[in-house]
Amino acid sequence: MLSECTRQKKIARLRQATHQLRVMLQACRCCGRECGVNRWEGQLGVCRTPLSLVSPQVRYASATLHFGEEPMLVGTGGSGTVFFTHCNLRCVFCQNYQISWEGLGRDATVDELARDFCELQRKGAGNINLVTATHCMYPVLLALQKAYETEVQLPLVFNTNGYEMVEFLRCLEGIVDIYLPDLKYMDRKAAARYSAAPNYPQIACEAIREMYRQVGPYDVETSSSQRGVILRHLVLPDNVAGTYDLLLWLKDEGLTDIPLSLMSQYTPQHRAADYPEIARSLSWREYEDVVQYALDLGFEHLLVQECESQNVFLPDFTRQEPFVQREETTGSSV
Ligand code: SF4
């Protein structure tokens, strides 16, 4: 739980950020797409997410206790995870394609989302975990303000594809406690081919520097730590994402103190079958080689997964509980 002082500061920052974001959305450059559209006039950018100032709504597919996140986020009560519909990146292999590509979810008012945040706390969540919220952050900020003003005392996790502009992230300073970016590609060609975003590596690297500036690395030694960056990377077959260069960049930037979660769960989902080089699962040998390379580079806190994770983590958002079972957390520290 946050201290009362921290909670009050967060509420004050939420009020400021709402105003800042309202202006920014007149020519939306929240993410690396830099669409420049006026979101308040009904113009849609790449994320295809409508917004309304008069009656703000937000679409999401699930608000649930999730036990498949990294162990420090799961704790004993689970992570209070909200999966928002639509996405600004839309990778061809997305395992959440039902919501990111197909728009599955229900429209809710700000009050309804605030109530869901409160309900997650009552059910025992250790944090509020926003999954891919960049494109709909305005109504989310309004709901967070209501939830923190009335009841919520939990740290806030910003769970993202890392494709945010620095100016947008500055809006979130003092609001987000834990940044959880999934650094997807270091290879421009891969970013162009699988996400139509050749500038992804540049934007994401700047975003991660900004996140680190705001909150520093997550401190795994302190069990009560409620602040910091935890970095994810989904390892793709045949090193197509530029995984080894990505690890080298982190080393060169002096970021090996960030807990790094190397995810092994890749299986060809959605449109991946159309891309022969990624139309197969990651081999265990490929994954082990990446883990060993990270260890050789001196990463201080690696989170690795077991073989079974390829099936365990696949969600189905047509179900009330998208994750089949309360899976045991398969992440383990090295
Ligand atoms: S959030 Fe949506 S509209 Fe704004 S820049 Fe990104 S893709 Fe474009």
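Everything discussed here concerns the structure shown above.
Scope of this entry: the structure provided in the associated data block. The shown structure was predicted, so the numbers you read here are calculated from the model rather than taken from an experiment.

Description of the environment of His301
Link 1 in the chain: In this structure, His301 sits in the loop between helix 10 (284-297) and strand 10 (302-304).
Link 2 in the chain: Residues His301 and Arg213 lie 88 residues apart in sequence; the distance between their C-alpha atoms is 19 Å.

Notes on the pairing of strand 9 (residues 260-263)
Link 1 in the chain: Residues Leu260 and Leu262 point to one face of strand 9 and Ser261 and Met263 to the other, with burial holding for every one of them.
Link 2 in the chain: Where strand 9 and strand 10 come together, 2 bridges link them in parallel fashion. What sits directly across from Leu260, in strand 10, is Leu302.
Link 3 in the chain: Note on the crossover from strand 9 through helix 10 to strand 10: the handedness is right-handed.

Here we look at the nonpolar core
Link 1 in the chain: Ranked by internal contacts, the top residues of the largest apolar core, which has 102 residues, are Phe117, Ile128, Val140, Leu141, Ala143 and Val235.
Link 2 in the chain: Among the elements that line this core, the one with the most residues is helix 5 (residues 137-150), at 9 residues.
Link 3 in the chain: The contact partners of Val235, leaving out residues within four places of it in the chain, are Thr243, Leu262, Met263, Ser264, Tyr266, Leu282, Glu286, Tyr287 and Val290.

Thoughts on the sheet that holds strand 7 (residues 228-229)
Link 1 in the chain: Pairing is mixed in the open sheet, where 7 strands are placed in the order 3-1-2-4-5-6-7. Either end of the sheet is taken by a strand with one partner, and the two such strands are strand 3 (106-109) and strand 7.
Link 2 in the chain: Where strand 1 (residues 57-66) meets strand 3, 4 bridges bridge the pair, whose relative direction is antiparallel. Residue pairing in the sheet places Tyr60 in a bridge with Arg106 of strand 3.
Link 3 in the chain: Sheet contacts for helix 4 (residues 110-122): strand 1, strand 2 (79-84), strand 3 and strand 4 (128-131); angle to strand 3, the most-contacted strand, approximately 90 degrees.

What counts and what doesn't
- Residues numbered from 1 in each chain as written.
- Predicted model: local features only at pLDDT ≥ 70, side-chain atom pairs only at ≥ 80, totals over all residues.
- Helix = DSSP H or I, 4+ residues; strand = E, 2+ residues; numbered from the N terminus.
- Buried ≥ 20, exposed ≤ 12 C-beta atoms within 10 Å, placed from the backbone.
- Pairing = 2+ DSSP bridges.
- Right-handed = clockwise from strand over helix to strand, strands pointing away.
- Core = buried A, V, L, I, M, F, W, Y, C linked by C-beta atoms within 7 Å.
- Contact = placed C-beta atoms within 7 Å.
- Axes fitted to C-alpha atoms, helices over the stretch in contact; angles between N-to-C directions.

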